[in-house]
Amino acid sequence: MNEFERRSSIDLPGYGEAMEAARKKEEAEAVETAHRNMEGFIGRLESLSKFKKASTTEEGVESLRSREDEQFFVKRIENHNDPMVREIWQMMRDEFGDEADPLYWVKESIKQGINKYDVITGPDGKIISFSNSRYLEMDPVDGKPPESLVYMAFILTDEEHRRQGMATELNRKLSQGALEQAKQEGHAVRGMVGESTETSEKFWNKLGEKRVYFEDGEGNIHEVPYKAPPCDYDDNTGEPLLEGALEHLMVNMFDGGGELKAGDLVRIAKTIYFEEYGAEPEDYASKKAWQRTQEVLVGYLREFEQSLAGAKDGRVFLMSEAERNQKEESLKSKGKEVVEVKIAEE
């Protein structure tokens, strides 16, 4: 823009107001598009359902009836004093042992609206499956509306009811809850993210989440190495009590895109690191201790960003296990390979 154009645009009556109105309109349209994309994802989960659904007389509780005429109920735990909270915690203890969150934190996280617990119960009222998810707000970016992510921590189902479609119903329920929150807060939900082990990939693929890869300058494909930060830090010093662990980062973009910029992936990782693994200053004995935890997280994020330096054209893409196997076969004839991240199994 030359000097004449600059002055003319500034001096034009109502120019600033018109530009601001256009910006707000563009952001509103982007948010509406994101909501439609998420509704489409929920619709795809609906199409995979093995149950007939119906509302009940209890607010927020939905009835699920199987093809074998078994009846279940799905709902979100809203009250931190709900007796089911202890039942959730006990299932976590049985599955994760000492690594399970303490009961007081499960209750407090529900009270503060941090962790979202959705449950499926049988006719006897006992929990047979539940999910733990979070709604994570992303850092603002100029020219974009407020954005967020759904973080899927885990889904647990008792052994008797596994592979019966419970996880799909919970994914649908928690996604509906996230969409409602996004509409209330005016956010564009970008996608769903999580972390998986070697053996759980098929499970997450069924729910739409895939591992992340990039192509290097020689045509080889690399899984993006992702290290989950420590969960526990010393309250007095802020030093991590455990080392971070390699995990498979799982991503599902609600716009259906299978490719994104490396910088966008770094922004997703930053959201997970600081919103899921970060804590508040009041959680530590001093501000200095809290700052130390932030330094640790910055270090993990920098390592993650550096791992993407070799990505061709600064792009990454998503692949399921089946898609990766097909890619491996096609690369063999060219003398190329797919390099996966190997993580330790407990």
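This text follows the structure it describes.
Cut-offs and rules
Residues numbered from 1 in each chain as written. Predicted model: local features only at pLDDT ≥ 70, side-chain atom pairs only at ≥ 80, totals over all residues. Heavy atoms only, no water. Pairing = 2+ DSSP bridges. Helix = DSSP H or I, 4+ residues; strand = E, 2+ residues; numbered from the N terminus. Axes fitted to C-alpha atoms, helices over the stretch in contact; angles between N-to-C directions. Parallel < 35°, antiparallel > 145°, perpendicular 65-115°, else oblique. Left-handed = near helix turned anticlockwise from the far one by under 90°. Contact = heavy atoms within 4.5 Å. Nonpolar A, V, L, I, M, F, W, Y, C, P; charged D, E, K, R; others polar. Buried < 20%, exposed > 50% of the residue type's maximum accessible area, 1.4 Å probe, protein only. Polar contact = N/O pair within 3.5 Å; in protein donor to acceptor, adjacent residues only side chain to side chain. Phe/Tyr/Trp six-rings, centres within 6.5 Å; stacked < 30°, edge-to-face > 60°. Core = buried A, V, L, I, M, F, W, Y, C linked by side-chain atoms within 4.5 Å. Salt bridge = Lys/Arg side-chain N within 4 Å of Asp/Glu carboxyl O. Patch = residues over 30% accessible without salt bridge, like charges linked within 9 Å, V, L, I, M, F, W, Y side chains within 5 Å. Areas by Shrake-Rupley, 256 points an atom, 1.4 Å probe, with all protein chains shown as cover. Lys, Arg positive; Asp, Glu negative; His and termini not counted. Charge placed at Lys NZ, Arg CZ, Asp CG, Glu CD. Expected span 1.5 Å × (residues − 1).

K.L.:
Just checking my understanding: could you explain the pairing of strand β1 (residues 51-55) for this structure?
P.N.:
Regular strands place side chains that alternate from one sheet face to the opposite one. Direction of pairing for β1 relative to strand β2 (residues 62-66): antiparallel, over a ladder of five bridges. Paired with lysine 53 across the bridge in β2 is leucine 64. Counted along the chain from β1 to the antiparallel partner β2, the turn is six residues long, and its residue glycine 60 has a positive phi close to 85°.

K.L.:
Even after reading the chapter, I still don't get the packing of helix α7 (residues 262-276) against helix α8 (residues 287-306), so can you show me in this structure?
P.N.:
To describe two helices that pack against each other, one gives the angle between their axes and the distance between the axes. Across the interface, α7 lies against α8 with an axial gap of 10 Å and an inter-helix angle of 155°. Comparing the axis directions of α7 and α8 gives the class roughly antiparallel. Pair α7 / α8 crosses with right-handed handedness. Side by side, α7 and α8 meet where Leu265, Val266, Ala269, Lys270, Tyr273 and Phe274 of the first sit next to Gln294, Leu297, Val298, Tyr300, Leu301, Phe304 and Glu305 of the second. In the contact of α7 with α8, the residues fall into 10 nonpolar, one polar and two charged.

K.L.:
Explanation requested: the environment of histidine 222 in the structure shown.
P.N.:
Here histidine 222 is to be found in strand β9 (residues 221-223). Look at histidine 222 and you get partly exposed, because its relative accessible area is 21%. A distance of 2.8 Å separates polar atoms of two side chains, one belonging to histidine 222 and the other to aspartate 216.

K.L.:
Before we go on, may I ask you to explain the side chain of histidine 187 in this structure?
P.N.:
With respect to the helices and strands, the residue histidine 187 is situated in the loop between α5 (166-185) and β7 (188-196). When near neighbours in sequence (up to four residues on either side) are disregarded, histidine 187 contacts Val31, His35, Tyr135, Glu137, Pro146, Ser148 and Ala182.

K.L.:
In this structure, what is going on with the packing of aromatic side chains? I would like to understand it.
P.N.:
The geometry of an aromatic ring pair comes down to the distance between the two centres and the angle between the two planes. What the rule picks out here adds up to nine aromatic pairs. Look at phenylalanine 96 and phenylalanine 154: their rings are 5.1 Å apart centre to centre, the planes differ by 70°, and that puts the pair in the edge-to-face class. Residue phenylalanine 96 is found in helix α3 (residues 84-96), and its partner phenylalanine 154 is found in strand β6 (residues 147-157); the two are separated by 58 residues along the sequence. Phenylalanine 96 sits in the partly exposed class, given a relative accessible area of 31%.

K.L.:
What should I look at first to understand the nonpolar core in this one?
P.N.:
Most often, soluble globular proteins keep nonpolar side chains buried together rather than apart. One finds Leu265, Phe304, Leu308 and Val316 to be the most contacted residues of the largest nonpolar core, which totals 35 residues. Sorting the residues of this core by element identifies β6, β8 (210-215), β10 (226-228), β11 (245-253), α7, α8 and β13 (315-319) as the ones contributing at least two each. Look past the residues within four positions of leucine 265 in its chain and what remains in contact with it is Val212, Val224, Leu249, Leu260, Phe304, Leu308 and Val316.

K.L.:
Just to check I follow, could you spell out the pattern of salt bridges for this structure?
P.N.:
Proximity of charged atoms lets side chains of opposite charge pair with each other. Counted according to the given criterion, the structure contains 27 salt bridges. With its nearest N and O atoms 3.6 Å apart, the salt bridge here joins glutamate 46 to lysine 53. Lysine 202 serves as the salt-bridge partner of glutamate 321, at 2.8 Å between the closest nitrogen and oxygen. Placement of glutamate 321 in helix α9 (residues 321-332) and of lysine 202 in helix α6 (residues 201-206) is noted, with a sequence separation of 119 residues between them. Within this structure, Glu198, Glu201, Arg211, Glu223, Arg324 and Glu340 form a network of salt bridges that share partners.

K.L.:
Even after reading the chapter, I still don't get a positive patch on the surface, so can you show me in this structure?
P.N.:
Taken together, Lys50, Arg67, Arg162, Arg163 and Lys206 make up a surface patch of like positive charges. Considering the arrangement of structural elements, one finds arginine 67 in the loop between β2 and β3 (71-76). Relative accessible area serves as the criterion here: at 68%, arginine 67 is assigned to the exposed category.

K.L.:
Can you help me understand α8 in this one?
P.N.:
A turn of α-helix holds 3.6 residues, and therefore any two residues three or four places apart point the same way. Between its first and last C-alpha atoms α8 spans 29 Å; for 20 residues at 1.5 Å apiece the expected length is 28 Å, and the two agree. Turning to α8, the residues buried within the fold contact β10, β11 and α7.

K.L.:
Please clarify how the side chain of threonine 293 should be interpreted in this entry.
P.N.:
When you line up the elements, threonine 293 lands in helix α8. Looking at threonine 293, the relative accessible area reads 2%, which means it is buried. Among the polar contacts listed, one links the side chain of threonine 293 to the backbone oxygen of tryptophan 290, at a separation of 2.5 Å. Filtering out sequence-adjacent residues up to four positions away, threonine 293 remains in contact with Tyr233, Gly238 and Tyr284.

K.L.:
Help me understand the environment of phenylalanine 304, please; the structure alone is not making it clear to me.
P.N.:
With respect to the element layout, phenylalanine 304 can be found in helix α8. Judged by its relative accessible area of 2%, phenylalanine 304 is buried. For phenylalanine 304, the contacting residues outside a window of four places in its chain are Val224, Pro225, Tyr226, Leu249, Leu265, Val266, Ala269 and Tyr273.

K.L.:
Please explain the pairing of β6 as it appears in this structure.
P.N.:
The buried fraction of β6 is high, at 10 of 11 residues. The sheet contact formed by strand β5 (residues 127-137) and β6 spans nine bridges and is antiparallel. Paired with arginine 134 across the strands is tyrosine 151, a residue of β6. Pairing of β6 with β7 involves six bridges; the strand directions are parallel.

Geometry only, nothing functional implied.
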